[in-house]
Amino acid sequence: MLAAVQNNSKMGPNALLEPVGQGFGFNAPALQARLVAQLRSQGIGNEAVLGAIGGIERHRFLDTALATQAYEDTSLPIGFEQTISKPSVVARMLELLCEAPCARAQGLGRVLEIGTGCGYQAALLAKIAAEVYSIERVRGLHEKARTHLRGMRLANLHLIFGDGMPGYPKGAPFAGIVSAAGGETIPQAWLEQLAVGARLIAPTVIASRADGSAARQCLVLVERQASGYTRQVLDAVRFVPLKSGLA
Ligand code: SAH
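Since the model is a prediction, treat every value here as computed from it, not as a measurement.

(A) Representation of the overall build of the protein chain in the model. From N to C terminus, the protein chain includes 9 helices and 9 strands. Taken over 247 residues, the protein chain has a buried fraction of 50%. In the protein chain, the proportion of contacts linking residues at least 24 apart, taken out of those at least 6 apart, comes to 56%. When the accessible surface of the protein chain is totalled, it reaches about 11700 Å², and 52% of it is carbon and sulfur.

Okay, here's the thing in structure tokens:
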């Protein structure tokens, strides 16, 4: 069996799972279809987002030992003390991006992701946006993402090793910005790099009392309009922290 796998040059890093795993009941397409149906039943209605989740195999972004859990709605470790985000939260963030006024008018243009991690959300973004810049501060993860994405033919996806705190001025203005790591505040640079009619979605710490106690992390949605910015605090979430500098 190993020889057969090695002879098939089209197979990715987790290819062994398919012939071995199927024998034990790991049927990735069926599990993936079930995840899409589950997201739909939870209220995700954007077909581009659902199509992307149905078209990108999440198990390819995980270590082989975790592959059988890939289609559960859960975050999972990806090494370097980081996690792959929960599919329902990823779907929610992508749907919010797609509903930005500029995206509704002309499709989702150039987007910026802060926190490539293993590359899963970046791959989904590449399916729904015209162009994607994704920044990661941990070199080992940046390289891991490169390996996972090799062979996926996502020519519109650009992976950058760097600190995403200052955004990515060279690519601005963006039709959407999404952060996969949660900060204390939203960096000013991100707001400045947002196009008019575009949205930014970022997990951010929200203090529910004046003295700062009972702080929790929530998805914050910012929309840039010609006259200024609107800000809404949405779902409570748990993302890894946004950190400065390189690692
Ligand atoms: N997008 C991933 C989730 C990765 S977890 C997915 O598809 O599931 C969040 C990532 O943000 C981590 O890899 C972490 O290293 C990275 N990160 C945190 N602060 C950052 C910063 N300032 N710039 C770039 N990446 C950052």
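(B) Geometry of the pairing of strand E8 (residues 215–225). Relative to E8, strand E7 (residues 194–207) runs antiparallel, the two sharing 9 bridges. Among the inter-strand pairings, Ile206 is bridged to a residue of E8, identified as Arg216. Alignment of E8 against strand E9 (residues 228–236), held across 7 bridges, turns out to be antiparallel. For Leu221, the partnering residue across the bridge sits in E9 and is Gln232. Where E8 folds back onto E9 in an antiparallel hairpin, the turn is made up of 2 residues.

(C) Spatial organisation of the nonpolar core. By size, the foremost hydrophobic cluster in this structure holds 81 residues, and its most contacted members are Ile53, Leu108, Trp190 and Leu200. With 8 residues, helix H5 (residues 87–98) is the largest single contributor of residues to this core. Excluding its chain neighbours within four sequence positions, the residues that come into contact with Trp190 are Ile114, Gly164, Met165, Gly167, Ile177, Ser179, Leu200, Ala202 and Leu242.

(D) Fine view of the pattern of salt bridges. What the rule picks out here adds up to 6 salt bridges. With a shortest N-O distance of 2.5 Å, Glu57 and Arg60 are connected by a salt bridge. For Glu57, a relative accessible area of 23% corresponds to the partly exposed category. Given the relative accessible area of 16%, Arg60 is considered buried. Ionic pairing is found between Arg92 and Asp235, a salt bridge with its closest N-O pair at 2.8 Å. With Arg92 in helix H5 and Asp235 in strand E9, this pair connects stretches of sequence that are 143 residues apart. Note on Arg92: relative accessible area 25%, which makes it partly exposed.

(E) Spatial organisation of the sheet that holds E8. Overall, mixed pairing links the 7 strands, which are arranged E5-E4-E3-E6-E7-E8-E9 in an open sheet. Looking along the sheet, the strands with just one partner apiece sit at the ends: strand E5 (157–161) and E9. Neighbour-to-neighbour, the strand axes of the sheet open up by a mean angle of 20 degrees, direction not taken into account. Helix H8 (residues 139–149) rests against strand E4 (131–136) and E5 of the sheet, and its axis sits at about 160 degrees to E5.

Cut-offs applied
- Residues numbered from 1 in each chain as written.
- Predicted model: local features only at pLDDT ≥ 70, side-chain atom pairs only at ≥ 80, totals over all residues.
- Heavy atoms only, no water.
- Helix = DSSP H or I, 4+ residues; strand = E, 2+ residues; numbered from the N terminus.
- Buried < 20%, exposed > 50% of the residue type's maximum accessible area, 1.4 Å probe, protein only.
- Contact = heavy atoms within 4.5 Å.
- Areas by Shrake-Rupley, 256 points an atom, 1.4 Å probe, with all protein chains shown as cover.
- Pairing = 2+ DSSP bridges.
- Core = buried A, V, L, I, M, F, W, Y, C linked by side-chain atoms within 4.5 Å.
- Salt bridge = Lys/Arg side-chain N within 4 Å of Asp/Glu carboxyl O.
- Axes fitted to C-alpha atoms, helices over the stretch in contact; angles between N-to-C directions.

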